[in-house]
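# Examination of the molecular architecture
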Amino acid sequence: MYRVLEILRNTTDYVSGENIGKMLGVTRASVWKHIRQLRNEGYQITSVTNKGYLLTENDILSENIISSALTTKDMGRNTHFFLETDSTNTQLKLLGSKNAPHGTLVIAESMTHGRGRLGRVWQSPKFTGLWFSLLLRPNIPPQNASVITLLAGIAVSRGIEKVTHVKTDIKWPNDILLNGKKICGILTEMDCEMDKTNFVILGIGVNVNTKIFPDDLSDIATSIFIETGVIYSRLDLLNSILNELEIVYSKFIAKSSGFSSFARSYQSMCINIGRNLQVIGTMSDNSFTGVGVGITEDGGLLVKRDSDGCTVVVTAGEVSIRNT
Ligand code: ADP
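Analysis parameters
- Residues numbered from 1 in each chain as written.
- Predicted model: local features only at pLDDT ≥ 70, side-chain atom pairs only at ≥ 80, totals over all residues.
- Heavy atoms only, no water.
- 1 Å grid on protein atoms, 1.4 Å probe; cavity = no way out; pocket = protein on both sides within 12 Å on 5 of 7 lines; lining within 4 Å.
- Points joined across faces, edges and corners; volume = space filled by probe spheres on them.
- Helix = DSSP H or I, 4+ residues; strand = E, 2+ residues; numbered from the N terminus.
- Nonpolar A, V, L, I, M, F, W, Y, C, P; charged D, E, K, R; others polar.
- Near = heavy atom within 4 Å.
- Polar contact = N/O pair within 3.5 Å; in protein donor to acceptor, adjacent residues only side chain to side chain.
- Areas by Shrake-Rupley, 256 points an atom, 1.4 Å probe, with all protein chains shown as cover.
- Salt bridge = Lys/Arg side-chain N within 4 Å of Asp/Glu carboxyl O.
- Buried < 20%, exposed > 50% of the residue type's maximum accessible area, 1.4 Å probe, protein only.

## Let's talk about the layout of surface pockets
Picture a little ball the size of a water molecule; that probe, rolled over the atoms, points out where space is still empty. Approximately 930 Å³ is the volume found for the largest pocket. Around the largest pocket, the lining is made up of 43 residues, and of these R120, W122, D175, K182 and I220 lie nearest the centre. For the lining of the largest pocket, the secondary-structure elements that each account for two or more residues are helix 5 (88-96), strand 5 (129-136), strand 7 (175-178), strand 8 (181-192), strand 9 (197-207), helix 8 (215-218) and strand 14 (318-321). Residue classes in the lining of the largest pocket are distributed as 18 nonpolar, 15 polar and 10 charged. The computed volume of the second largest pocket comes to approximately 720 Å³. Looking at the lining of the second largest pocket, the elements that each hand over two or more residues are helix 6 (142-145), helix 7 (148-164), strand 8 and helix 10 (234-254). At five residues, the largest contribution of residues to the lining of the second largest pocket is made by strand 8.

This is the structure we're talking about:
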């Protein structure tokens, strides 16, 4: 079935059932069966008598389409596209350990095992969003590389704004919210030695044109479409996000000042500032409530603790925003 889809994806004109059958060495009846299955899966395929079939979906992702649309220097120059995969981070990790170059992109139409932090599930149904991972090879010690996840938040937020003109917020450390609900999650994974970063994998999931979320997510998740009523081209958004990532990342690498030159921008985008927060530490005795007051030069979240008025730096753990 997916071989029929590949043929349709790679042509801009109608292809007859007979020709598809010849290319795949199957009968016209079997081509028709596959077309029906693809339509059941949600692909929009037009058929015209004596002409054949045409994929009319206008937001198709494929290796060729992505490569020719990108205007970046490194990011996504080497692209691996999957109609379906377990997790783009998992696939990219394999490529990373086989010397794939900096900027390698793995992108999928859908993921069966999309992951969030701490083994949580990231829902990534087909056609609705951008599910991708980028390979970065920063020549810096691992402890300095951890802020890349914060830089990605800045870049994604800017990339979305350039295309849609909507302002998103960053929830520390790296969820992107639109009108208080999550439109993007970022999962950063690293492969490193004591003093050397082998590679960083930046996994990014953006809910672009999702129309409806399952009950367990509808209170916390949203999409650009739900908030704006506009269907956006995923390709345009991908290109914009990758360009912003390239800008932010190259500034970060060029300067030796680490995160400090980004801290002010990050703080201005950070929704935790001025809000009542619940901090759930990695150990039960470091959970507390307080108010977000700033971002440190290292990317930590400054929280004024309710119990004693002291300002503490949160560098790990969970932070939720309280509505009180
Ligand atoms: P957080 O750190 O905010 O808890 P993660 O970045 O680990 O979240 O992402 C996983 C969580 O995100 C899940 O537990 C679920 O609540 C939520 N989630 C899963 N899929 C989506 C999605 N497509 N859009 C928004 N939120 C999602």
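## Examining the site of the ligand
By nearness alone, every residue bordering the ligand is listed as G116, R117, R120, V121, W122, Q123, D175, K182, N207, L217, I220 and A221. In the environment of the ligand, an oxygen atom lies 2.8 Å from a nitrogen or oxygen atom belonging to the side chain of K182. N207 places a side-chain nitrogen or oxygen 2.8 Å from a nitrogen atom of the ligand. Compared with its free state, where it exposes 570 Å², the ligand has 85% of that area covered by protein.

## Details of the pattern of salt bridges
By the definition in use, this model includes 12 salt bridges. As a salt-bridge pair, D175 and K171 come within 3.9 Å of each other at their nearest N and O atoms. Pair check on accessibility: D175 and K171 agree, each one buried. A salt bridge links D306 to R322, with the nearest nitrogen and oxygen atoms 3.5 Å apart. You can see D306 sitting in the loop between strand 12 (301-305) and strand 13 (311-314) and its partner R322 sitting in the segment after strand 14, a full 16 residues away along the chain. The partly exposed category is assigned to D306, whose relative accessible area is 41%. Relative accessible area serves as the criterion here: at 26%, R322 is assigned to the partly exposed category. The structure contains a network of salt bridges with shared partners spanning K93, R115 and E189.

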